[in-house]
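Listed below, chain by chain, are the residues.
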Amino acid sequence: MSDIADRLNIISDKIKQAADTCGRNPSEVQLIAVSKRKSVAAIQAAIKAGAGHFGENYIQEACAKIDEIGKDAACWHFIGHLQSKKSKIAVEYFDYIHTVDTIKLAKEINKRAAAIDKIQNILIQINISAEESKSGTTPDAVLTLVKEAATLENISIQGLMGMPPYLSDPEAVRPYFKKLADIRDQIKKENIPNVEMNHLSMGMSGDFVVAIEEGSTMVRVGTAIFGRRD
Ligand SMILES: *Cc1c(COP(=O)(O)O)cnc(C)c1O
């Protein structure tokens, strides 16, 4: 497991360097270690090496691991597709839900958060690549969704999340990150009450440096920390 610590150090250095190079404060960029399909032991090794934020995609798998590790041992981010009927458990276990893309889902999360007296941090997922296989609302529909979701008292809209198409050249994904940052800026200008819009969740193992250059505040890195998933 010492390889996890080594790779975490390398990624943290690269994040810092990327932020420095483009004149951003490295503390603005949170590393989220994506631990889907990785063991409790791997997550614990990462915690021991200093990682404090983890991203998970599958509710059942995630909750079993969080129960074992302890909810308070880290900050937990849900980054997978969320079905409305799983909202209750997602709200109980996760500090952030990155993948809200319909008002129906936002309302269900709000209801479940209200029931346990919680303000749930969420991000709105946008399908920036317009690929049919991907979740997310459209750039055209996002403002309406944000305005409607902003009226829900037990959610706090923290920002936007997006995934570019899979392209091996990180430069080729830059326009998609730019687009997400532009949409965030436009929404921010509206000054909608209860909408923070400080976060941009974008960038993965292959392209997090470019994402940071384009304003990412949350990079979701899996493979580069934990190795390939089976
Ligand atoms: C799996 C996953 C990641 C991490 O991808 P890597 O290429 O392994 O870094 C990031 N974001 C989401 C939404 C994912 O599903």
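Residues numbered from 1 in each chain as written. Predicted model: local features only at pLDDT ≥ 70, side-chain atom pairs only at ≥ 80, totals over all residues. Heavy atoms only, no water.

Chemist: Let's hear about the overall build of the protein chain: which residues, and what values?
Modeler: Counting secondary structure elements, the protein chain contains 9 helices and 8 strands. Taken over the C-alpha trace, the protein chain has a radius of gyration of 17 Å; the compact-globule value for 230 residues is 17 Å, and the two agree within 12%. Based on the C-alpha atoms only, the size of the protein chain along its principal axes is roughly 45 × 40 × 30 Å. Here the protein chain holds 230 residues, and 52% of them are scored as buried. Considering only contacts in the protein chain between residues 6 or more positions apart, those separated by 24 or more positions represent 60%. (Helix = DSSP H or I, 4+ residues; strand = E, 2+ residues; numbered from the N terminus. Rg over C-alpha atoms; globule rule 2.2 N^0.38 Å. Buried < 20%, exposed > 50% of the residue type's maximum accessible area, 1.4 Å probe, protein only. Contact = heavy atoms within 4.5 Å.)

Chemist: So what's going on with the layout of surface pockets? Which residues, and what values?
Modeler: Looking at the largest pocket, its volume works out to about 690 Å³. Around the largest pocket, the lining is made up of 29 residues, and of these Lys36, Met163, Met204, Arg220 and Arg229 lie nearest the centre. Each residue belonging to the lining of the largest pocket can be placed in one class, and the counts come to 12 nonpolar, 12 polar and 5 charged. By volume, the second largest pocket amounts to about 160 Å³. In terms of lining, the second largest pocket is formed by 13 residues, of which the most central are Leu8, Ser12, Leu31, Gly50 and Ala51. Contributing elements (two or more residues each) for the lining of the second largest pocket: α1 (2–21) and β1 (30–34). If one sorts the elements of the lining of the second largest pocket by residue count, α1 sits on top with 4 residues. (1 Å grid on protein atoms, 1.4 Å probe; cavity = no way out; pocket = protein on both sides within 12 Å on 5 of 7 lines; lining within 4 Å. Points joined across faces, edges and corners; volume = space filled by probe spheres on them. Nonpolar A, V, L, I, M, F, W, Y, C, P; charged D, E, K, R; others polar.)

Chemist: Give a detailed account of the pattern of salt bridges, specifying residues and quantitative values.
Modeler: Under the defined criterion, the tally for this structure stands at 15 salt bridges. Between Asp20 and Lys16 there is a salt bridge whose closest N-O contact spans 3.0 Å. Of this pair, Asp20 and Lys16 both sit in helix α1, 4 residues apart, roughly one helical turn. Judged by relative accessible area, which is 41%, Asp20 ranks as partly exposed. (Salt bridge = Lys/Arg side-chain N within 4 Å of Asp/Glu carboxyl O.)

Chemist: Residue-level account of the nonpolar core, with values.
Modeler: Core analysis: the biggest nonpolar cluster contains 67 residues, and Ile97 and Leu160 have the highest contact counts within it. Leave out the neighbours within four places in its chain, and Leu160 touches Leu123, Ile124, Ile126, Val142, Leu180, Ile183, Arg184, Ile187, Met197, His199, Leu200 and Ser201. (Core = buried A, V, L, I, M, F, W, Y, C linked by side-chain atoms within 4.5 Å.)

Chemist: How would you sum up the site of the ligand? Please name residues and give values.
Modeler: Inspection of the region around the ligand gives 13 residues, with Lys36, Asn57, Ser205, Gly222 and Thr223 positioned closest. With respect to the ligand, the side chain of Asn57 contributes an N or O atom lying 2.7 Å from an oxygen atom. Arg229 is positioned with one of its side-chain polar atoms (N or O) 2.8 Å from an oxygen atom of the ligand. In the complex, 90% of the free accessible area of the ligand, which totals 390 Å², lies under the protein chains. Because more than half of its atoms lie within 2 Å of the grid, the ligand is assigned to the largest pocket. (Near = heavy atom within 4 Å. Polar contact = N/O pair within 3.5 Å; in protein donor to acceptor, adjacent residues only side chain to side chain. Areas by Shrake-Rupley, 256 points an atom, 1.4 Å probe, with all protein chains shown as cover. Sits in = over half its atoms within 2 Å of the grid points.)

Chemist: Mind laying out the state of the cysteines, listing which residues take part and the relevant values?
Modeler: Applying the stated criterion to the full structure yields 0 disulfides. Cysteine Cys75 is unpaired, with the sulfur of Cys63 as its nearest cysteine sulfur at 15 Å. (Disulfide = S-S within 2.5 Å.)

Chemist: Which residues make up the pairing of strand β3 (residues 75–78), and what values do they have?
Modeler: Both faces of β3 are covered, namely the face carrying Cys75 and His77 and the face carrying Trp76 and Phe78. In the sheet, strand β2 (residues 53–56) pairs with β3 via 4 bridges, with the strands oriented parallel. Following the sheet pairing, Glu56 is matched in β3 by Phe78. At this point the chain moves from β2, through helix α3 (residues 59–69), to the parallel β3, and the crossover so formed is right-handed. Strand direction decides the pairing type here: β3 and strand β4 (residues 96–100), joined by 2 bridges, are parallel. Its bridge partner being in β4, His77 is matched across the sheet by Tyr96. Read as a crossover between parallel neighbours, the route from β3 over helix α4 (residues 87–93) to β4 is right-handed. (Pairing = 2+ DSSP bridges. Right-handed = clockwise from strand over helix to strand, strands pointing away.)

Chemist: Kindly report on α1, identifying the contributing residues and their values.
Modeler: Look at α1: 29 Å from first C-alpha to last across 20 residues, which is about the 28 Å you get at 1.5 Å a residue. Taken together, the buried positions of α1 are Ile4, Leu8, Ile11, Ile15, Ala18 and Ala19. Projected onto a plane normal to the axis of α1, the buried residues spread over an arc of 95 degrees and lie on a single side. Exposed residues lying more than 90 degrees from the buried face of α1 are Ser2, Asp13, Gln17 and Thr21. (Expected span 1.5 Å × (residues − 1). Arc of directions from axis to C-beta.)

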